[in-house]
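A look at the structure
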Amino acid sequence: MCEKRAMPTTIPKQLLLNDVLVDFAALKIKVAGSWCAVEAKQLVLLKLLLNNQGQPVSRDLIMDTLWPNVVVSDNSVSQLVTQLRKSLHDDKNTALFIRTVPRVGYQLIAKVSDAPSFLEKVTPTTPRISALFVAVGLILGAGLTLVSQYLLSPNVPILNYEYQSRITSAPGAEVFLRYSPSGRYLAFSQSNDQQSQFDLAVYDHQSKTVHSIKSSGYSEEAPVWSPDGKWLAYFRYDPISCDIRVMPVSNAIETWRLSPEFRLTRCQQSHGPTKLHWVDESTIYTTHWQDEQPRLVKYTLGFSPTPTLLDQEIVGDFKPITFDINDHKKMLLLEKDQGWFSVSEVDLTGSLKRNEIKRSRHSHAPLLFDTQDNYYWLGDDALRRYDYQGNEQVVHQPLGFIADLAVNPQTGDIAHAEGQARVNLYQIELDLSKDTPEILSTMQLSSSARMDILPAVSPDGQQSAFISLQRRGITGFKHIEVWLKHKQRKAANLIATLPSDITPKYLLFSPNGDNVLLADEQQNIYLINTFSRRLVPIISGFDQLNGVHWSQDSHSIYYQVKSARGINKQPQWQDWRYDIQLMSNTLVADNTNFETLDEEHALWQLNSSYLEHDLHVRTYLSRVLEHQLPLSQLLPSLELFKPAVFKQGIYYVLRQGHQLLLYCYLTQQNRNVFIKELGVYGYDIDINLNISSSEDGSQVVFSQVDGIETDILLHKAAKAMSQ
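Quick caveat, the model's predicted, so the values are computed rather than measured. Counting of residues starts from 1 at the beginning of each chain's written sequence and follows it residue by residue. Under the rules for a predicted model, residues below a pLDDT of 70 receive no local features and side-chain atom pairs below 80 are neither given nor counted, while totals for whole chains, interfaces and linings still include all residues. Hydrogens and water molecules were not included; the side-chain quantities draw on all heavy atoms of the structure.

A word on helix 6 (residues 613-625). Residues that lie three or four places apart on an α-helix share one face, since the helix turns once every 3.6 residues. With 13 residues, helix 6 should reach 18 Å at 1.5 Å per residue; the first-to-last C-alpha distance of 18 Å fits that figure. Listed as buried for helix 6 are H613, H616, V617, R618, Y620, L621, S622, V624 and L625. Contacts are assigned to residue pairs with any non-hydrogen atoms lying within 4.5 Å of each other. Elements are defined by DSSP. Helices are runs of H or I of four residues or more, strands are runs of E of two residues or more, and each kind is numbered from the N terminus. On the buried face of helix 6, the contacting elements are helix 7 (631-640), strand 46 (644-646), strand 47 (649-656), strand 48 (659-666) and strand 49 (671-680). Expected span, for any helix, means 1.5 Å times one less than how many residues it has. Under the scheme applied here, a residue whose accessible area is under 20% of the maximum for its type counts as buried, over 50% as exposed, and between as partly exposed, the area being computed with a 1.4 Å probe on protein chains only.

In structure tokens:
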């Protein structure tokens, strides 16, 4: 007999559970005065408990609701409940929120009330209050009501946006958008037909004409205007060097292409460009690769009479993926730490302290300040405008992804570049027995109709699995699928369709090739059998996961988790084993050593699940190639394109300007060998690029960006009174 479900009730966007404020729309909770991000699946479980408030909810109902049409184990429910309790700071032994009902399920026991109103936030009540304070409170309440009506009145306008037009329609990519201080001109970089270099162009809003400013045969990228609008600075790349150059633009726009240019300083040619930020007459900020990471660098300029470099310095401990700086010298900063992306505001004139605004598993690049204070823009899977409280306004849904943004400083109009990227998988077979590795065959592995990423090759090289996505945006995945291609078969086969809340991180074959593990960005592991083609969650609910690997007989999966035992105890590593036949997890050993590179674990035996895997690969290649390649070129390349380690060596990609080159370092022979060119990569579209190989290195599969097409669209800002 089917279990009777409670009738769903309408749950507000915000509510209070005891003293914890839950924001379902923003996917976050406020505990002890601090906001914390919460996984979407936890809030789905919380909604289910709320819909059945006062009644126990069975494990079967939880599984049917949260994992429809997916086979899951009972352990998945337990781990999700543990995760939700942890977010709420609840303890199952002294439960205040969720009570375990033995042999049944779980029951919500927390007091549920409406989220506090504006007056409740500014005038908190206490149980002891005198009659005098009551009278005073009534008077103050009336005053506060008037104040709140004033503050919340429609005197502060909000902005509505209407699509106006597309302002470019040329082959290739238009990116690095920047408005002039007057708002009349929009500068950008435009790729040539081969997408091997960029030219500088400017759109004149007055004449509605695109002017070619620089087409030198080199690559001019990332233009930025001086604060007075009289100069334009940009990166110039040639095959062997990179400069930051400036040119005067105070004359008529028709003459700009004839303007002289002046070299400001040398820049790093080895990795893709970032934007320049000319914040005042004498200061430009950008990023520079140093100490194996991107750093914020400040250039101090002088004029004699042309701009010249006086000094440069690294600012703070920031590791920017991207950033923006407004007229008040406030920096909007995107960084990544332990799988989380954070957007923070930093006062560059003060203590350089980060004030975190948003935290997410997605990168949300590009980003920039809005012209209105305490608002900013993100361009991930949609064009969105946010305030600092997390409220969002969706302005535009692109057909592909949003590559770049620019806001007109005078009108608030928003220009953005959107388009499509062709990312395909290719497989090559090599003969490594010769002095120079020989490519025996090359084939395209996947369809160009979709974006195919994260390839994994089985140990024997006979099979390849990969993630295929059909999406509106880079991080807004839709229709995520796992496909399997056998070397002896012409077509690939679909083996799993993923739920929308799974963001894949890597795939890992079993030694016999019958099963594939899929890991996501939330530290969850799923098992896919290549014959039954079922997706089964097997590991979840842990903050830190390390060393996921198969047993040699392919019957078990071993892994490490970090767990705190008892109150105020330091977290310890534990060894666990998942048995495929029993479909159960078993604790193998407590308080164990952290698994990493050592005498028992060779580098080729590690995989992407090892927390220090990337570090060890970078360290090893930096040591053996330090006399052949500059680290400022090698390290950014390893960040862009993940290498593949096999028994005899390492396949890696080197980025030289926009060109991607595949190399193989053979460890036993201590030789670095060029394999082939992988095309050009002119603009970072924030996707996972990687290589995978068989254990013997003879079969190699890699991602390749075969082209980027973007156009620039304009949305008009119109003021509207808030209701």
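Anyway, onward from the coordinates.
Before going further, it helps to examine unusual backbone geometry. Of note, the amide linkage connecting S304 to P305 takes the cis form, showing an omega dihedral of -10 degrees. Position of P305 among the secondary structure elements: in the loop between strand 20 (293-303) and strand 21 (307-314).

Right, let's get into the packing of aromatic side chains. Centres within 6.5 Å make a pair out of two Phe, Tyr or Trp rings, where for Trp the six-membered ring is used; the pair is then stacked when the planes are under 30 degrees apart, edge-to-face when over 60, and tilted otherwise. A full pass over the atoms with the stated rule returns 17 aromatic pairs. Here Y185 and W256 contribute two aromatic rings whose centre-to-centre distance is 5.0 Å and whose plane-to-plane angle is 65 degrees, an arrangement assigned as edge-to-face. Linking Y185 in strand 11 (residues 185-191) with W256 in the loop between strand 16 (242-248) and strand 17 (262-266), this pair joins segments that are 71 residues apart in sequence. Take Y185 and W256: they sit in the same class, and that class is buried. The interplanar angle of 65 degrees and the centroid separation of 5.5 Å between the aromatic rings of Y663 and F674 together place this pair among those described as edge-to-face. Here F674 lies in strand 49 and Y663 lies in strand 48, a separation of eleven residues in the sequence. On the basis of relative accessible area, F674 is assigned to the partly exposed category, the value being 41%. Members of the aromatic cluster, joined through ring pairs, are Y185, W225 and W256. Charges are assigned to positions over rings by a cutoff of 6 Å between ring centre and Lys NZ or Arg CZ, combined with an angular limit of 35 degrees from the ring normal. Looking at R385, its charged tip hangs above the ring of Y375, at a distance of 4.1 Å from the centre.

Moving on, we get to the pairing of strand 7 (residues 105-108). Bridge count between strand 5 (residues 57-58) and strand 7: two bridges; the pairing is antiparallel. By the bridge assignment for strand 7, S58 is matched with G105. When strand 6 (residues 98-101) meets strand 7, the two strands line up antiparallel, connected through four bridges. What sits directly across from R99, in strand 7, is Q107. Taking the residues that link successive antiparallel strands as the turn, the strand 6-strand 7 hairpin has three residues, and the phi of R103 there is positive, at about 60 degrees. Strands are labelled as partners when DSSP assigns at least two bridges between them.

With that out of the way, let us pick up the packing of helix 1 (residues 40-51) against helix 3 (residues 74-88). Across the interface, helix 1 lies against helix 3 with an axial gap of 10 Å and an inter-helix angle of 90 degrees. One finds that helix 1 runs roughly perpendicular with respect to helix 3. Only L80, V81, Q83, L84 and S87 of helix 3 make contact with helix 1, whose side of the interface consists of K41, Q42, L45, L46 and L49. Residues that form the contact of helix 1 with helix 3 fall into these classes: six nonpolar, three polar and one charged. Inter-axis angles, ranging from 0 to 180 degrees, are taken between N-to-C directions of lines fitted to C-alpha atoms, where helices are fitted over the stretch in contact. Any angle between 65 and 115 degrees counts as roughly perpendicular, while under 35 counts as roughly parallel, over 145 as roughly antiparallel, and the rest as oblique. Just so you know the grouping, Ala, Val, Leu, Ile, Met, Phe, Trp, Tyr, Cys and Pro go in nonpolar, Asp, Glu, Lys and Arg go in charged, and all remaining residues, Gly too, go in polar.

Moving on, we get to the sheet that holds strand 21. Either a parallel or an antiparallel arrangement is found when strands of a sheet pair, and the pairing is made through backbone hydrogen bonds. Strand order in the open sheet formed by four strands is 18-19-20-21, and the pairing between neighbours is antiparallel. Two strands close off the open sheet at either side, each with one partner strand: strand 18 (277-280) and strand 21. Ignoring which end each strand starts from, the neighbouring axes of this sheet average 35 degrees apart. Note: strand 20 against strand 21, seven bridges, orientation antiparallel. Note that in strand 21 the partner of G302 across the bridge is T308.

Put simply, a salt bridge is a Lys or Arg side-chain nitrogen that is within 4 Å of an Asp or Glu carboxyl oxygen. Counted under the stated rule, the structure contains 21 salt bridges. For D404, the salt bridge identified is with K275, shortest N-O distance 2.9 Å. Here K275 lies in the loop between strand 17 and strand 18 and D404 lies in strand 30 (residues 401-407), a separation of 129 residues in the sequence. Per residue, the accessibility class of D404 equals that of K275, and both read buried. Residues R384 and E392 are paired through a salt bridge, measuring 3.2 Å at the closest nitrogen-oxygen approach. Among the residues examined, E392 registers a relative accessible area of 44% and is labelled partly exposed. Where salt bridges share partners, they join K214, R236, D243, R245, E261 and R266 into one cluster.

Our next topic: the state of the cysteines. A disulfide bridge is the covalent bond that connects two cysteines by way of their sulfur atoms. Throughout, a disulfide means two cysteine sulfur atoms within 2.5 Å of one another. Taken as a whole, this structure holds one disulfide when the rule is applied. Paired through a disulfide, C242 and C267 show a sulfur-sulfur distance of 1.7 Å. Between C242 and C267, the S-S dihedral sits near -80 degrees, and the bridge is therefore left-handed. Here C242 is found in strand 16, whereas its partner C267 is found in the loop between strand 17 and strand 18, with 25 residues between them in sequence.

We now examine the sheet that holds strand 24 (residues 340-347). Pairing within the open sheet is antiparallel, and its four strands lie in the order 22-23-24-25. With one partner strand each, in any of the chains shown, strand 22 (322-325) and strand 25 (354-360) form the two edges of the open sheet. With strand direction ignored, the average angle separating the axes of adjacent strands in the sheet is 20 degrees. When strand 22 meets strand 23 (residues 330-337), the two strands line up antiparallel, connected through four bridges. If you follow I325 over to strand 23, its bridge partner there is M331.

Looking now at the pairing of strand 14 (residues 219-225). Of all seven residues in strand 14, seven are buried; the element is thus mostly enclosed. Note that strand 14 and strand 15 (residues 231-237) share five bridges and pair antiparallel. Of the residues in strand 15, the one forming a bridge with E221 is F235. Once strand 14 ends, the chain turns through five residues before running back antiparallel as strand 15, passing G229 with a positive phi of about 75 degrees.

Inspection of the secondary structure assignment puts L603 in the loop between strand 44 (584-592) and helix 6. The exposure class of L603 is buried, given its relative accessible area of 14%. A sequence separation of ten residues divides L603 from H613, and the C-alpha atoms of the two residues are 8.1 Å apart. With near-sequence residues (within four places) excluded, L603 lies in contact with L597, H616, V617, Y620, V645 and I650.

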